[in-house]
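# Close look at the chain arrangement
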Amino acid sequence: METYNAMRHFADSWGLLAMTAFFVGAILVTLRPGGKKAADAAANIPLEDD
């Protein structure tokens, strides 16, 4: 039961911080200047012929 408590404590503290940092990073990468061209290229991949 000690392992569960240790992992639960880690998830409540550092895990939440890591998930928040990942979320903020994903938003910043998505909204960065010049990202529209890359997003448009990725969106058109399924429409391209082989």
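Here, the structure is the one placed above.
### Some thoughts on the pattern of salt bridges
- A complete count under the given rule lists 2 salt bridges for this structure.
- Residue Asp-12 is joined to Arg-8 by a salt bridge in which the shortest nitrogen-to-oxygen separation is 3.4 Å. Taken together, the residues span about one helical turn, with Asp-12 and Arg-8 both in helix 1 (residues 2–30) at a distance of 4 residues.
- On the basis of relative accessible area, Arg-8 is assigned to the partly exposed category, the value being 47%.
- Ionic pairing is found between Asp-40 and Lys-36, a salt bridge with its closest N-O pair at 3.3 Å. Taken together, the positions of Asp-40 and Lys-36, both in helix 2 (residues 35–43) and 4 residues apart, correspond to about one turn of that helix.

### Re a nonpolar patch on the surface
- Together, Phe-23, Val-24, Ile-27, Leu-28 and Leu-31 line one region of the surface with nonpolar side chains, adding up to about 520 Å² of accessible area.
- Relative to the assigned elements, Ile-27 resides in helix 1.
- Residue class for Ile-27 comes out partly exposed when judged on its relative accessible area of 39%.

Reading the values: the criteria
- Residues numbered from 1 in each chain as written.
- Predicted model: local features only at pLDDT ≥ 70, side-chain atom pairs only at ≥ 80, totals over all residues.
- Heavy atoms only, no water.
- Salt bridge = Lys/Arg side-chain N within 4 Å of Asp/Glu carboxyl O.
- Helix = DSSP H or I, 4+ residues; strand = E, 2+ residues; numbered from the N terminus.
- Buried < 20%, exposed > 50% of the residue type's maximum accessible area, 1.4 Å probe, protein only.
- Patch = residues over 30% accessible without salt bridge, like charges linked within 9 Å, V, L, I, M, F, W, Y side chains within 5 Å.
- Areas by Shrake-Rupley, 256 points an atom, 1.4 Å probe, with all protein chains shown as cover.

As far as function goes, none of this settles anything; it's purely spatial.
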